[in-house]
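Inside the fold
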Amino acid sequence: MNIYQVDAFTQRIFGGNPAAVCLLEEPAKEEWMQNLAMEMNLSETAFAWPEEDGYRLRWFTPKVEVDLCGHATLATSHILWQLQKLSHDDTARFFTRSGLLTCTKNSDWIEMDFPAKQAIEVTAPEGLTEALGVNPIFVGNNKMDYLIEIESEEVLRNLQPNFSELSKLPIRGTIVTASSQSTDYDFISRFFAPAVGVNEDPVTGSAHTALGPYWAAKLSKTTMTGFQASARGGVVKVRLVNDRVLLGGQAITVMKGELY
């Protein structure tokens, strides 16, 4: 059985967000998938196998299974096209915990169709802003993550969160965002999820299902480009269509391994 490592939301090796992709012929035991994800020790390991007219897709961090993951979905569709299990014009169809997700290929870009996960303004829970060390402009919650806007890109890039305190919050992760100083991007962000075993995720597609609606309302735009300002960095194109967020990214295969 082969397993692949793909850098997603980038066109260069060692950039973007690495994900492991394991293509199966049939469903595997949940314990085995979780153990393999722990062994790979990446932010996400994706498992896919044929189902109906598409693939069943599940995502695991080193600690838990998650309901939605953008970069591992991008990585999985990239591998399916690379191995010619899909033709260039085919739509990749994935059955997931978040419903049907589809991906289409346009040259070396892949566009993923995800449900919008709009964050509703809330009062910051005790300990959140202190753990981040910020004075937020906005705090929202979409039942998956907190979304926090802060005053500047400079402050965002220099954040040094207290991961121990963040991990105590009863939610998957925290998205911190600011407007971009660069004309190449509309907004930038970082994503912290120590509660699920990922202190800082390099590039988080699913976070952009909240970032898209948030910045669309602020900027009066439905097509935007985001940059996730982790150490590896990555670019996510965002397009809003009704209650869906279309996320565009590139991907490159780094390695192929064989499982015994």
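Below is a summary of the structure that appears in this document. Quick caveat: nothing in here was measured; it's all calculated off a predicted structure.

1. A short note on the nonpolar core
- Counting residues in hydrophobic clusters, the biggest one holds 53 residues, and the most contacted among them are W59, M112 and V238.
- Looking at which element gives the most residues to this core, the answer is helix α2 (residues 70-82), with six residues.
- In this structure V238 touches F187, H208, G212, T222, T223, M224, V245, L246 and L247, once residues within four positions along its chain are discounted.

2. Observations concerning helix α6 (residues 208-219)
- Counted residue by residue, α6 has nine buried out of 12 residues, so it is predominantly covered.
- Within the sequence span of α6, burial applies to H208, T209, A210, L211, G212, P213, Y214, W215 and A216.
- Just past α6, the residue S220 takes up positive phi, approximately 55 degrees.

3. A closer look at the packing of aromatic side chains
- Tallied over the full model, the rule gives seven aromatic pairs.
- Taken together, a centroid distance of 6.0 Å and an interplanar angle of 55 degrees make the contact between F163 and F192 tilted. Remark: F192 occurs in strand β13 (residues 187-193) and F163 occurs in helix α5 (residues 163-166); sequence separation between them is 29 residues.
- Residue F163 is classed as partly exposed on the basis of its relative accessible area, which comes to 25%.
- Using a relative accessible area of 1% as the deciding quantity, one classes F192 as buried.
- Here the aromatic rings of F187 and W215 are separated by 5.9 Å at their centres, their planes lie at 0 degrees, and the arrangement is stacked.

4. A word on the pattern of salt bridges
- The tally for this structure, following the rule as stated, stands at 15 salt bridges.
- Two residues, R97 and E65, come together in a salt bridge whose shortest N-O distance is 3.1 Å. Note that R97 is positioned in the loop between β6 (92-96) and β7 (99-106) and E65 in strand β5 (residues 65-66), a separation of 32 residues in sequence.
- Classification of R97 as exposed rests on a relative accessible area of 51%.
- Across the salt bridge formed by D145 and R172, the nearest N and O atoms sit 2.6 Å from each other. Of this pair, D145 sits in strand β11 (residues 145-149) while R172 is found in the loop between α5 and β12 (173-179), placing the two residues 27 residues apart along the sequence. Pair check on accessibility: D145 and R172 agree, each one buried.
- Taken together, the shared-partner salt bridges connect E30, R58, E65, D67 and R97 into one network.

5. Remarks on the environment of N142
- Along the chain, N142 turns up in the loop between β10 (138-141) and β11.
- For N142, a relative accessible area of 11% translates into the label buried.
- Residues N142 and V122 lie 20 residues apart in sequence; the distance between their C-alpha atoms is 9.8 Å.
- Every residue in contact with N142, bar those within four places of it in the chain, is listed here: K117, Q118, A119 and A210.
- Within the structure, N142 has its side chain in polar contact with the backbone nitrogen of D145 (distance 2.7 Å).

6. Thoughts on unusual backbone geometry
- The phi angle at Q84 is positive, at roughly 60 degrees, despite the residue not being glycine.
- Its location among the elements puts Q84 in the loop between α2 and β6.
- Assessed through its relative accessible area of 69%, Q84 is described here as exposed.
- Of note in this structure, S107 is not a glycine but carries a positive phi near 60 degrees.
- Residue position: S107 is located in the loop between β7 and β8 (109-115).

7. Overview of the state of the cysteines
- For the structure shown, the criterion picks out zero disulfides.
- Not engaged in a disulfide, the cysteine C22 finds its nearest cysteine sulfur in C69; these two sulfurs lie 15 Å apart.
- Accessibility expressed as a relative area gives 0% for C22, which makes it buried.

8. Some points on the environment of Q250
- Along the chain, Q250 falls in the loop between β17 (244-249) and β18 (251-258).
- By relative accessible area, Q250 is classed as buried at 9%.
- Separated by 232 residues in sequence, Q250 and P18 place their C-alpha atoms 12 Å apart.

So, how was this worked out
- Residues numbered from 1 in each chain as written.
- Predicted model: local features only at pLDDT ≥ 70, side-chain atom pairs only at ≥ 80, totals over all residues.
- Heavy atoms only, no water.
- Core = buried A, V, L, I, M, F, W, Y, C linked by side-chain atoms within 4.5 Å.
- Buried < 20%, exposed > 50% of the residue type's maximum accessible area, 1.4 Å probe, protein only.
- Helix = DSSP H or I, 4+ residues; strand = E, 2+ residues; numbered from the N terminus.
- Contact = heavy atoms within 4.5 Å.
- Phe/Tyr/Trp six-rings, centres within 6.5 Å; stacked < 30°, edge-to-face > 60°.
- Salt bridge = Lys/Arg side-chain N within 4 Å of Asp/Glu carboxyl O.
- Polar contact = N/O pair within 3.5 Å; in protein donor to acceptor, adjacent residues only side chain to side chain.
- Disulfide = S-S within 2.5 Å.

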